[in-house]
Every structure is written in structure tokens, then in C-alpha cells.
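Below, each chain spelled out in residue letters.
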Protein chains: 2
Amino acid sequence: MNITSYFSDNLSIMADMNLANTRLVFFLSNGTAITAETLGHSLLAQFPMLHFRTKTIPFINTEEKATLVSEEINRGINEQDELPIVIATMADPNLKKIISQSKALILDPFADFLPRLEKILLVESSNLGGVSHRIANPSMYESRIDAIDFSLVHDDGGKTRNYDESDIILIGVSRTGKTPSCLYLALQFGLKAANYPITEEDMESDILPVPIRPFKDRLYGLTTDAHRLVNIRQERRPNSRYSSMEQCRFEIRAAEEMYHRHNIHYLNTTTMSVEEIAARIVEDTGLHRMKQSV
Amino acid sequence: MNITSYFSDNLSIMADMNLANTRLVFFLSNGTAITAETLGHSLLAQFPMLHFRTKTIPFINTEEKATLVSEEINRGINEQDELPIVIATMADPNLKKIISQSKALILDPFADFLPRLEKILLVESSNLGGVSHRIANPSMYESRIDAIDFSLVHDDGGKTRNYDESDIILIGVSRTGKTPSCLYLALQFGLKAANYPITEEDMESDILPVPIRPFKDRLYGLTTDAHRLVNIRQERRPNSRYSSMEQCRFEIRAAEEMYHRHNIHYLNTTTMSVEEIAARIVEDTGLHRMKQSV
């Protein structure tokens, strides 16, 4: 039996480090391991001074596989005799038991929290693995897929006719994060997010561009620092007018003036990940986050 | 001060229920609340027989806001005198303390796990809120954005010239989940995921379509049950040949034959969410999951 597992990309960061000395961290689950991974990354981010080697093993759904994983954990002790760390969300009691007997620090929010939830809810948990990323409500799932379709068709001003169906329309100059933010809003939160690029022509006018003019209440601006924009644009078109400091400064100033003139909420995305941009937009606008796939 | 917070879409499911009797669950965080929400959904999914009303409040980063949230929690007791449930990832000790004094069952993996991690790691945690969804490694972040750009350009067979740069190419008949799966692979795992639709013309041939023929090792097939495909296609083009049971059955059979003939791994996505499809593809192919944004 072959267990596919994979080391995360932070390996490359540590190319010049002694890997054998690095603390090994496993993210384990009966299901997709998305919960274990998300929680695990949050916990490890609280120790920014340390380096970790992380390994995700999803779909641990037989005793045989759990035993193999446990053996792999036991081999994970490093040269300094430091135990591995395991962040696991194992719902099946038998599999949980096998993993919990590994030689490691085991952090399992299911083991800690489910009994406390059972006590207050007065029912037993189902002990089902991998249920949180299943389709539980098909119609809600369909509307999430619809949101993705909408956001794709309405990316980068591609189509503007159905803006009246949108939940939000992101605007901004080229390379301020509009497209990934829209896709994240659609995928994670089920929102129909269009985006419209502000062009130089748009900047010269005191009135809003025609396609977005009727939808002022749904507009949300993105902006970024000029240095960051130059860096990003240099990757695409090095040493061009497009990626010059002068042009980037001009476009950012013009876009921000547009936001102010028309009283459009906006966000500076310079240090933000896609997740943070999306969460802040939702917070700022009061839009609903769709429950993911429960 | 106005706290924006939002009820999730499951409200609509419960339109005919007495909301005042439903247990209220809060997902709270200093940061995006993505970790609290992900963990919270996983925990609640273990109680499929119960209904919950969930509310996410991100960016709780001042004592004033934490106090207002705590007061809101205290008002969240339902008509049956049941306490609310709080799933929180609060890194700041002062804010954590304010939230923890609320009248609720408080589940905070940071409170439980950080001390255990500090003990084994022999360093103190940074107590920084919202760090897990910040950009920590710009070059890794850039390559994630590149993956999104790549997947957008190479969606639905749109461009096929740069398939040699892809990490994976999903194939399948229309509406088997190729596009959302590719976007998720790009957004969450930083993978350059192209997709190519299998057309009727392709089905009539014993050899692989020209654009994907040189990349057999990167192909991964999606399929689904005919009934589900009919349902999905009916939403798009009701009562058409495209959405007929006969046509759906024919296309699925032809695609699966193609997968078998050319020894292409494939997945039946009928009951799977986008998250599960993506996680299974990565597991099946041994591709690397990029660390998200830590």
C-alpha cells in the first residue's frame, strides 16, 4: 500500500538549512485535511522565529492506513531528539486511537472539543470523518458554482451586461488583486463578484465609466502602494511604461481620487493575502458569507 | 461604533423554524476568522441532526470591539435558555480574556494548544492576531497569483499553447466540475491547473485530442453520475439535447472509455465538494500542496 503524502513548499525556503534538525509537523485527517491544515498553519504562525517542515496526509480512512501513518510519525523524531507535532482532525474513534498512540505531541481539536459540545448539546457526535467538506445542501452548492461561473464571465470587465445580478463589483487599476479576490469571494463565500479595470481613459473623466455607473452602491475599490505595484508589474512587463514608478504613481493617485470623488469604499491591499482582502471586503460591505460546504 | 457581522446562509434553510429556539454559534477572530470558521464548520458537521445559526465576526482587534462582541454573545441565549457556542481563535491575551468571560461555551484552540506548543517548542508564541492569513513570503504569494492567472487563461481549453507549464490538466465533459476544481487548486494549493473539455468530436476518436496528446502524464479525468449531470445541465439549458439523459449517458460513457483506453486516472465527483475534489486530485497525483499564506 502506498501512502501519497507531500511536503509543503516551505521546503525550498529551507534549502540551506539542516532539514534533519527541523521540527516535523503533520496535518492529518479522515477527510480532506483542510481543517487540520488551516488550524495548523494558524498555530505555527504564532512561532514566526521557528522553522517547521510540514506534511499533510488526508483521507486516513482505514486502520491499515492509520497504522502506516503512525509508523511514519514515529520515524519523524529529528536529530535533536525532538518529537514531531501532529495536528489532526480524526472523527473515527478507532482511527483517532491509532494516531494518538504515536510518539508525538498530538493536538486534536475534535478530541478536545467534541466531548464538550456533546455535553452542552445533549447529543452524541456522529463520529463521521470528512463530512465537513461534503456537499450537504445541493442547492447552496449550486449557487456557489453559479457564483464562480458569474465571476469568471465578469472578470476584468469581460462582460458587463449582467452587473445587475452581481453582489459586488471590484474596481481598480491593473494588478491590484481584483481577479483573485473575486474568485475567492465566489469560491469561499458564494458571492457573485465582478471586476472592472480602471483604464487611463476612465481616469480622465470626472464621471464614472458607463458600465459601472448604474451600480455605484456595489462598487468597491482596491488600491496598493506604488512600490508594490511596480514590483508586480515588472514581473509582467519589465522596463515598460506600464511598470514604471511614474505611471504606477499616476494611476494609483487617479484611482484613489475617483474613489473619493464618488464616495466609493476602498482597501489598500499592499500587505494582504487574498483571504484577508476577501474577508475585509465582506466585513466592510456587510455582505453575507455563505456557509462553505457543511 | 458599528460592528458588521453577518448571519450565514443557513438562515434561509430555517425559514420555517423558530429561530429563537435555534442554538447560536459565533466564529470569532482577531484576523479573517477563516480558521475559526473552518474549524467551527467541521465541529458542527459532527452534529448533523441539529440546526445551528452561525455568525462570523472577524477583525476583533480592539478592546472596545471585543467588549461589544462579548455583550452580543451574552444576549445570544435562546428561548430554551441554551447558551451560545463560541469558536474563537484569539491570539491577543487581553482580547481573548474579554471574549472568554462571555456567557457561552467557549472553544478556543489557541487557548488550549498554544501553551502545549510553547512547552514542547521551548519558546513563547508571538500572541499576534491575524498573522496566518497575511503575506509572509512574497515570492510564494506571487507564485500563487501566477497559478491563478495560468488557470484562468487555460480554462475550458481557452488557450492550450502553454500546457507544458501546467502542473495538471483536468479533462472531462461539460459540467463535471473542471473549472471550479482548477480555480481551487490554483487558489488554495498554488498549482497551475489547466482544463480541457472533451467534445463529441474527441469522443469519436481512439486517439487523444491533439492539444492534450503530448501531456498524457498530466491529464486527470473527472466524471459524474448521469442523473446528477442531467440535473446540472437542466439548470443551464432545460429540455435540450445537451441536458437529456440519453446525451449525458453517452458522453459519460465515452469519456470514461477514453480514460480507461489511455490509462488516465479519474475521479467521480458526484457527491464531492470542490474542496474534496481538489484534495483527492492532489492525493492521487502526489502533487505538492503549497503552504497557503503563512
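Residue positions are given per chain, counted from 1 along the sequence in the order it is written. For this description, chains carry letters from A and ligands carry numbers from 1, given in the order in which they are written. pLDDT decides what is reported in this predicted model: residues at 70 or higher carry local features, side-chain atom pairs at 80 or more are listed and counted, and totals for whole chains, interfaces and linings draw on all residues regardless.

Caption draft 1: Main features of the packing of helix α3 (residues 63–74) of chain B against helix α4 (residues 93–100) of chain B. All names here are of chain B. Interaxial distance between α3 and α4 falls to 8 Å at its minimum, and their mutual angle equals 15°. On the basis of the axis angle, α3 is roughly parallel to α4. You can see that α3 and α4 cross each other, and the crossing is right-handed. Note on element contacts: α4 touches α3 through Asn94, Leu95, Ile98 and Ile99, opposite Glu63, Ala66, Thr67, Val69 and Ser70. Whenever a helix is involved, its axis is fitted only over the stretch in contact; in every case the axis is a line through C-alpha atoms, and angles between N-to-C directions fall within 0 to 180 degrees. Each helix corresponds to a stretch of at least 4 residues labelled H or I by DSSP, and each strand to a stretch of at least 2 residues labelled E; elements are numbered beginning at the N terminus. Roughly parallel refers to an angle under 35 degrees, roughly antiparallel to one over 145, roughly perpendicular to one between 65 and 115, and oblique to any angle outside these ranges. Working rule for handedness: look at the near helix, and if it is turned counterclockwise from the far one by less than a right angle, call the crossing left-handed; if clockwise, right-handed. Remark: residues whose backbone-derived C-beta atoms lie within 7 Å of one another are considered to be in contact.

Caption draft 2: Examining the pairing of strand β3 (residues 52–57) of chain B more closely. Residue and element names in this part refer to chain B. Buried, partly exposed and exposed are defined by the number of other C-beta atoms within 10 Å of a residue's own C-beta, namely 20 or more, between the two limits, and 12 or fewer respectively, with C-beta atoms placed from the backbone. β3 sits mainly inside the fold: six of its six residues count as buried. Burial along β3 is two-sided: Phe52, Thr54 and Thr56 and Arg53, Lys55 and Ile57, pointing in opposite directions, are all buried. Relative to β3, strand β2 (residues 23–29) is paired through six bridges, and the arrangement is parallel. Each residue of the ladder has a partner; that of Leu24, found in β3, is Arg53. The definition of a right-handed crossover adopted here requires that, viewed with the strands pointing away, the path from the first strand over the helix to the second runs clockwise. The parallel pair β2 and β3, bridged by helix α2 (residues 34–44), forms a crossover whose chirality is right-handed. Two strands make a pair as long as DSSP finds a minimum of two bridges between them.

Caption draft 3: Expanded view of the nonpolar core. Nonpolar cores are built from buried Ala, Val, Leu, Ile, Met, Phe, Trp, Tyr and Cys residues. These are joined into a set through C-beta atoms within 7 Å. Residues Leu28 and Val86 of chain A together with Leu28 and Val86 of chain B are the most contacted members of the largest nonpolar core, which totals 150 residues. Setting aside residues no more than four positions away along its own chain, Leu28 of chain B makes contact with Ala33, Ala36, Ile57, Ile60, Val69, Val86, Ala88, Met90 and Ile99 of chain B.

Caption draft 4: Spotlight on helix α11 (residues 274–285) of chain B. Helix length check: α11 of chain B, at 12 residues, gives a terminal C-alpha distance of 17 Å against a target of 16 Å (1.5 Å per residue), a fit within 8%. Across the 12 residues that make up α11 of chain B, a large majority, nine, are buried. For α11 of chain B, the complete set of buried residues consists of Val274, Glu275, Glu276, Ile277, Ala278, Ala279, Ile281, Val282 and Glu283 of chain B. Buried residues along α11 of chain B sit against α2 (34–44) and α7 (178–189) of chain A together with β6 (168–172), α7 (178–189), β8 (219–223) and β9 (266–268) of chain B. Positive phi appears at Gly286 of chain B, one or two residues downstream of α11 of chain B, with a value of about 75°. What a helix is expected to span follows from its residue count: subtract one and scale by 1.5 Å.

Caption draft 5: Looking closely at the sheet that holds strand β8 (residues 219–223) of chain A. Residue and element names in this part refer to chain A. Spatially, the four strands line up as an open sheet ordered β7-β6-β8-β9, and their pairing is parallel. Sheet topology places β7 (193–197) and β9 (266–268) at the edges, where each strand pairs with a single neighbour. Neighbouring strand axes in the sheet, compared pairwise and without regard to direction, differ in orientation by 25° on average. Taken together, the three bridges between β8 and β9 define a ladder with parallel strand orientation. Paired with Gly221 across the two strands is Tyr266, which belongs to β9. Against the sheet, α7 makes contact with β6 (168–172), β7 and β8, and its axis sits at roughly 170° relative to β7, the strand it touches most. Running at roughly 150° to β8, helix α10 (residues 245–261) makes contact with β6, β8 and β9 of the sheet.

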